[in-house]
Amino acid sequence: MADLTAALRSSGDTAEVRMPFTGQVLVHLPTTAVEQVTEAAAEARIAQRAWAATDVADRAAVLLRWHDAVLDRTDELLDVIQAETGKARAHAFEEVADIANTCRYYARVAAKALSPQRRSGVFPLLTRTVQQQHPVGLVGLISPWNYPLTLGAGDAIPALVAGNAVLHKPDSQTTLTTLLARDLAIEAGLPPALWQVVVGDGGVVGPAVVDQVDQVIFTGSTPTGRLVGERAGRRLIGAELELGGKNAMIVCDDARMRAAVAGAVRGAFSSAGQLCLSIERIYVAEPVADEFCSRLVAAVHELRLGAGFDYRSDIGSLAGPAQLAKVREHVEDAVAQGATVLVGGRARPEIGPYFFEPTVLGAVPPHARCFSEETFGPVVSVYRVADDDEAVTAANDSAYGLNASVWSTSRSRARSIASRLKAGTVNINEAYAAAWGSVDAPMGGVKESGTGRRHGVAGLLSGTWSQTVATQRLWPIGERSPLRGRRFQRGMTTALRALKALHRA
Ligand code: NAD
């Protein structure tokens, strides 16, 4: 593989990145000085002017070629994602499949969604009103390390097809994945200056990005999201904030146990639980709780931890020492407060420095940290509930509202529970992939899980500003002789009543 870092501007300093599987140095990344962020933004803006003038169909064609390049070079992408994140290969593949899905979707819908739309005018025939969309210009992308392809390239796709340039600050830990995805996009025909990648300390380079762009898409923790939102607010630019979660799964007494257990395992331990949509709380109906717990414990015992660049392991490593320390603290604190470890609960340094066993906790008391704080690791707590109402109340008793999962053989029961949950996505008889993969539907959180909506037409239009062009014909709207004063009032009143009678919007 060519030296991916050659595309980066260099301040002269470097950031050391280590491989989670071994703790050994993977790369010394050139970092970007703040003035170079300004240079990158200026270069991107020049490229954006030409790009915005191209036909949407041509931009969509780049996405379709990018789709093919991603699928043709899957193994290369998987190697880089695994080297940077330490996740299992199957979890890395979810990201590759996701990018192909997202490229295809936006390539297919962009032309129609971005085309001018007729709107009802003030008066039929007299006012012709059209809504048109313009790209915002330069979109800032600040992305985390946990899903580097999905949360980097995945958000660049709608921004680019809408006619924008992108100024992207990935987490330093996972910059190589971004650079490889960008290389594939360039091979597919994307002008290189259109997607600028800048690297460095989040607290320095992140704000420098926010200061340069016309809109920011931030994915990361809630505390950092608040800082980004505040800074964007001062500049009066839009901020899509995709933040943390403490996601609940509800297992009803009529759920298919085998499926629910398999869903719990995938939901809680994909990417070693370092997934914003990850299930960290399971509320299981009392009559089936014993069976669910014993099956879950057995399934978790079967999981293979491993550090291989192949499909032999089910779960990989945590991303680094900070994540390992947090997971340990949460488990030790829960146990000290009276929780029971049903399975797992230990670090596994003999496999790699940051491995931690998939862990299921029972009897976690409300004052334990992992009861309400996001762990962002392979730890899930099981709680017994009397009925659906108690499950819904407990699931909603959280500062977060990102994702939820409901298991029942009755679709109407599950849908009724779903509508009562305060979470941006609810998966029925699935943990997270059904809602995430339905890329035609918006995706994002409520409460402290953020304000943004990615995916769907909403995710495309968020990178644009709307302009309403209304043309008045034949007769002006305001007073005009002989319709003046009271006559004008009467005429308008009659017209408004007529519009209502005609069922006009
Ligand atoms: P983080 O907030 O520490 O970092 C995210 C990004 O922000 C990184 O690129 C970082 O360098 C940058 N950054 C740090 N300080 C900054 C600042 N002051 N201004 C601007 N940028 C700054 O988050 P993380 O630990 O990398 O990611 C894990 C968190 O992300 C978890 O809470 C997880 O739930 C959340 N997450 C949310 C989603 C979602 O879609 N809602 C997806 C993935 C992860």
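Shown above is the structure to which this text applies.
Residues numbered from 1 in each chain as written. Predicted model: local features only at pLDDT ≥ 70, side-chain atom pairs only at ≥ 80, totals over all residues. Heavy atoms only, no water.

(A) Geometry of the sheet that holds strand β10 (residues 247–251). What the 7 strands build is an open sheet, ordered β12-β13-β14-β11-β10-β16-β17; its pairing is mixed. On the outer flanks of this sheet lie β12 (340–343) and β17 (425–428), each paired with one strand and no other. For this sheet, the mean angle separating the axes of adjacent strands, direction not counted, is 25 degrees. Taken together, the 4 bridges between β10 and strand β16 (residues 403–407) define a ladder with parallel strand orientation. (Pairing = 2+ DSSP bridges. Helix = DSSP H or I, 4+ residues; strand = E, 2+ residues; numbered from the N terminus. Axes fitted to C-alpha atoms, helices over the stretch in contact; angles between N-to-C directions.)

(B) Region of the structure containing the site of the ligand. In the vicinity of the ligand, 29 residues are found, and the nearest of them are Ser 143, Ser 221, Thr 224, Leu 243 and Glu 374. Ser 143 is positioned with one of its backbone polar atoms (N or O) 2.8 Å from an oxygen atom of the ligand. Between the ligand and Trp 145, the relevant distance is 3.1 Å, taken from an oxygen atom to a side-chain nitrogen or oxygen of the residue. Alone, the ligand offers 850 Å² of accessible surface; in the complex the protein occludes 87% of this. Taken atom by atom, the bulk of the ligand overlaps the largest pocket. (Near = heavy atom within 4 Å. Polar contact = N/O pair within 3.5 Å; in protein donor to acceptor, adjacent residues only side chain to side chain. Areas by Shrake-Rupley, 256 points an atom, 1.4 Å probe, with all protein chains shown as cover. 1 Å grid on protein atoms, 1.4 Å probe; cavity = no way out; pocket = protein on both sides within 12 Å on 5 of 7 lines; lining within 4 Å. Sits in = over half its atoms within 2 Å of the grid points.)

(C) Representation of the pattern of salt bridges. Counted according to the given criterion, the structure contains 29 salt bridges. One salt bridge in this structure joins Arg 348 and Glu 350, with 2.5 Å as the shortest N-O distance. Looking at Glu 350, the relative accessible area reads 58%, which means it is exposed. Ionic contacts of the salt-bridge type, sharing partners, join the residues Asp 253, Asp 254, Asp 388 and Arg 413 into one network. (Salt bridge = Lys/Arg side-chain N within 4 Å of Asp/Glu carboxyl O. Buried < 20%, exposed > 50% of the residue type's maximum accessible area, 1.4 Å probe, protein only.)

(D) View of empty space enclosed by the protein. Considering all chains together, one arrives at 4 cavities of 30 Å³ or more under this definition. Around the largest cavity sit 16 residues that line it, and Arg 281, Ala 395, Asn 403, Lys 422 and Ala 423 are the ones nearest its centre. Within the residue set of the lining of the largest cavity, elements represented by two or more residues are β10, α13 (388–396), β15 (400–401) and β16. Its residues placed into classes, the lining of the largest cavity shows 7 nonpolar, 5 polar and 4 charged. Surrounding the second largest cavity, Asp 155, Pro 158, Ile 217, Glu 240, Glu 242, Arg 453, Arg 454, His 455, Gly 459 and Ser 462 form its lining. Every element with two or more residues in the lining of the second largest cavity is listed here: α5 (149–161) and β9 (238–242). A breakdown of the residues in the lining of the second largest cavity according to their chemical character gives 2 nonpolar, 3 polar and 5 charged. (Points joined across faces, edges and corners; volume = space filled by probe spheres on them. Nonpolar A, V, L, I, M, F, W, Y, C, P; charged D, E, K, R; others polar.)

(E) Just the packing of aromatic side chains, in detail. All told, the structure shown has 7 aromatic pairs when counted by the stated rule. Note on Phe 21 and Phe 309: the rings are 5.4 Å apart at their centroids and 85 degrees apart in plane angle, and the pair reads as edge-to-face. Here Phe 309 lies in the loop between α10 (286–302) and α11 (321–336) and Phe 21 lies in the loop between β1 (14–18) and β2 (25–30), a separation of 288 residues in the sequence. Exposure remark for Phe 21: the relative accessible area of 4% places this residue in the buried category. (Phe/Tyr/Trp six-rings, centres within 6.5 Å; stacked < 30°, edge-to-face > 60°.)

(F) Inspection of the sheet that holds strand β19 (residues 464–472) at higher detail. Spatially, β3-β4-β19 is the arrangement adopted by the 3 strands of the open sheet, whose pairing is antiparallel. In this open sheet, the two strands that pair with only one neighbour each are β3 (117–119) and β19. Going across the sheet, the axis of each strand differs from the next one's by a mean of 30 degrees, ignoring polarity. Direction of pairing for strand β4 (residues 127–135) relative to β19: antiparallel, over a ladder of 9 bridges. Residue Gln 132 lies in a different strand from β19, and its bridge partner there is Gln 467.

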